[in-house]
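Coordinates in review
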Amino acid sequence: MSILEDAMNLAVRHLPDAKSDPLIGASRVLGQSVSRVDGSLKVMGRARFAAEVPFRNITYAALVHSSIARGAVRAIDTHAAKAAPGVFLVMTHENAPKLPPQPLMMADPKGAAGSNLPVMQDASIHWNGETVALVVAETQEQADYAASLVGVTYDAQPAATVFQIEKAHAKEPEKILGDSTTIKIGDAEEALATSTFKVDHIYRTPRHNHAAIELHAVTVAWEDGTLTVHDTTQMVNLTQSTFAKMFGIAESQVRILSPFVGGGFGNKGVWTHHVLAIAAARMIGRPVRLVLTREGVFRATGGRTCTKQRVALGAEPDGTLNALIHTGLAGMTSHNDCPEQFSFPARH
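So, here's what we can say about the structure. (Residues numbered from 1 in each chain as written. Predicted model: local features only at pLDDT ≥ 70, side-chain atom pairs only at ≥ 80, totals over all residues. Heavy atoms only, no water.)

Details of the overall build of the protein chain
Looking only at helices and strands, the protein chain has 11 helices and 17 strands in total. For the protein chain, the C-alpha atoms occupy an extent of roughly 75 × 65 × 35 Å along the three principal directions. Sorting the 348 residues of the protein chain into buried and exposed places 41% on the buried side. When contacts within the protein chain are restricted to residue pairs at least 6 apart in sequence, those whose partners lie at least 24 apart make up 76%. Total accessible area on the protein chain stands at roughly 19000 Å², and carbon and sulfur atoms take up 55% of it. Across the protein chain, 32 positive and 33 negative side-chain charges occur, with their mean positions spaced 2 Å apart. (Helix = DSSP H or I, 4+ residues; strand = E, 2+ residues; numbered from the N terminus. Buried < 20%, exposed > 50% of the residue type's maximum accessible area, 1.4 Å probe, protein only. Contact = heavy atoms within 4.5 Å. Areas by Shrake-Rupley, 256 points an atom, 1.4 Å probe, with all protein chains shown as cover. Lys, Arg positive; Asp, Glu negative; His and termini not counted. Charge placed at Lys NZ, Arg CZ, Asp CG, Glu CD.)

Here it is as structure tokens:
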């Protein structure tokens, strides 16, 4: 019996009986202890994550990250890396396959990508840590070593990196995760001014990075035009449609497997390392495994931006709430459509 079958059997064993109880869900779960159906597999070490799936002829990839925040690659020297032991491929913008921009999450109904920037299609650098080279080798150690031999020189340009400066250029987005940007009910400022008790403060939050215990990882293989992707993803269906669109194949030709996710926090979607691994596997005709390092997670995936927020409440002695104001600023690049939704608790 496979590990996946084990998990399914455990899940079925703990599901309520739909025939005897049509209210499967909250009415039977609230206030009760519920089994983690994948828990026993995890504590026994039998849960197989994306970086642990065996493949015949598996190869391993490593990334080279840019050391500037904005500019362009002037020159890239891959000769030593290509000559290193075990190396099959060194991919840069000079030999990467031509690919369309990534379908953007929340903008494209088929998209799960955190950015619509083209992946390794030219010499441009858009952020500190953008991938400038990918190395594929027989072992992870060989890939890591060869990646360290890639030499890159840059033409750096000024970058927008300081929130306090860039907030002067703020503009209102069209929507926030599909919802209206502004919700107004009555005159909250007037209600606040006439309230007996008031709280009116500015709050600031720093940048945060997602740091799930399971590193972002992907194991990919092409076989007869069909793409199989073992991924740590929270967006299985959208990941499938994203890869189909990018690589010019039908969704039925893309299989995404993600039975276990070792932490996500909303960050386990599609990032550039997926695209690079899939492209590399197609180029060399062998399965490729790519696991981001902890540094790579910080450089190649998204995070939570800095914010500046105003929260104001107005109330009467009997506890009546007269006014609620929650406004603010968040950083967002022009290449994504997911502004930080800090106002959602207030609007809900």
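Examining the pattern of salt bridges
For the structure on display, the rule yields 12 salt bridges. For Lys 245, the salt bridge goes to Asp 108, with nearest N and O atoms at 2.5 Å. In this pair, Lys 245 sits in helix H8 (residues 236-247) while Asp 108 sits in the loop between strand S3 (87-91) and strand S4 (124-125), placing the two residues 137 residues apart along the sequence. Of the residues examined, Asp 108 reaches a relative accessible area of 18% and is grouped as buried. Lys 268 serves as the salt-bridge partner of Glu 214, at 3.5 Å between the closest nitrogen and oxygen. Placement of the pair is Glu 214 in the loop between strand S10 (208-209) and strand S11 (217-223) and Lys 268 in the loop between strand S13 (254-257) and helix H9 (272-284), with a sequence separation of 54 residues. Take Glu 214: its relative accessible area is 12%, and that puts it in the buried class. Counted as one network, the salt bridges with shared partners bring together Arg 36, Asp 38 and Lys 42. (Salt bridge = Lys/Arg side-chain N within 4 Å of Asp/Glu carboxyl O.)

Comments concerning the pairing of strand S16 (residues 307-315)
Here 9 bridges tie strand S9 (residues 197-205) to S16, and the two strands are oriented antiparallel to one another. Looking at the pairing, His 201 lines up with Val 311 of S16. (Pairing = 2+ DSSP bridges.)

Observations regarding a nonpolar patch on the surface
On the surface, Val 199, Tyr 203, Leu 313, Leu 321 and Leu 324 cluster together to form a nonpolar patch covering roughly 430 Å² of accessible area. Put simply, the parts of the chain that give the nonpolar patch at least two residues each are S9 and strand S17 (321-330). Relative to the helices and strands, Leu 324 is located in strand S17. (Patch = residues over 30% accessible without salt bridge, like charges linked within 9 Å, V, L, I, M, F, W, Y side chains within 5 Å.)

Here's the deal with the sheet that holds S16
Within the open sheet, the 3 strands sit side by side as S9-S16-S17. Their pairing is antiparallel. Only two strands of the sheet have a single partner each, and these edge strands are S9 and S17. With strand direction ignored, the average angle separating the axes of adjacent strands in the sheet is 10°. Relative to S17, S16 runs antiparallel, the two sharing 9 bridges. Its bridge partner being in S17, Val 311 is matched across the sheet by His 326. (Axes fitted to C-alpha atoms, helices over the stretch in contact; angles between N-to-C directions.)

With respect to the pairing of S13
Where strand S12 (residues 226-231) and S13 come together, 4 bridges link them in parallel fashion. What sits directly across from Thr 228, in S13, is Arg 255. Handedness of the crossover is the feature at issue here: the chain leaves S12, passes through H8, returns alongside S13, and the resulting connection is right-handed. (Right-handed = clockwise from strand over helix to strand, strands pointing away.)

A word on the packing of aromatic side chains
Applying the stated rule across the entire model yields 2 aromatic pairs. On the basis of an interplanar angle of 50° and a centroid distance of 5.8 Å, the ring pair of Phe 49 and Phe 260 is categorised as tilted. Of this pair, Phe 49 sits in the loop between helix H3 (39-43) and strand S1 (59-65) while Phe 260 sits in the loop between S13 and H9, and the two are 211 residues apart along the sequence. Accessibility expressed as a relative area gives 3% for Phe 260, which makes it buried. The ring of Trp 222 has Arg 282 lying over it, and the distance from NZ or CZ to the ring centre is 4.1 Å. (Phe/Tyr/Trp six-rings, centres within 6.5 Å; stacked < 30°, edge-to-face > 60°. Lys NZ or Arg CZ within 6 Å of the ring centre and 35° of its normal.)

Observations regarding the side chain of Thr 59
Position of Thr 59 relative to the elements: it lies in strand S1. A residue is classified by how much of its surface remains accessible, and Thr 59, at 0% relative accessible area, is buried. With near-sequence residues (within four places) excluded, Thr 59 lies in contact with Phe 88, Val 136, Ala 137, Ile 284, Arg 286, Pro 287, Val 288 and Arg 289.

Here's the deal with H9
Over its 13 residues, H9 runs 19 Å from end to end, which matches the ideal 18 Å to within 8%, given 1.5 Å per residue. Where burial is concerned, most of H9 is hidden: 10 out of the 13 residues are buried. Looking only at H9, the buried set comprises Thr 272, His 273, His 274, Val 275, Leu 276, Ala 277, Ile 278, Ala 279, Ala 280 and Ala 281. Positive backbone phi, at 70°, marks Gly 285, one or two positions downstream of H9. (Expected span 1.5 Å × (residues − 1).)

Considering empty space enclosed by the protein
Considering all chains together, one arrives at 1 cavity of 30 Å³ or more under this definition. In this structure, the largest cavity spans a volume of roughly 160 Å³. The wall of the largest cavity is formed by 16 residues, among which Met 120, Asp 122, Ser 124, Glu 130 and Thr 131 lie closest to the centre. When residues of the lining of the largest cavity are traced back to their parent elements, those giving at least two are S4, strand S5 (131-137) and H9. For the lining of the largest cavity, the class distribution of residues is 8 nonpolar, 6 polar and 2 charged. (1 Å grid on protein atoms, 1.4 Å probe; cavity = no way out; pocket = protein on both sides within 12 Å on 5 of 7 lines; lining within 4 Å. Points joined across faces, edges and corners; volume = space filled by probe spheres on them. Nonpolar A, V, L, I, M, F, W, Y, C, P; charged D, E, K, R; others polar.)

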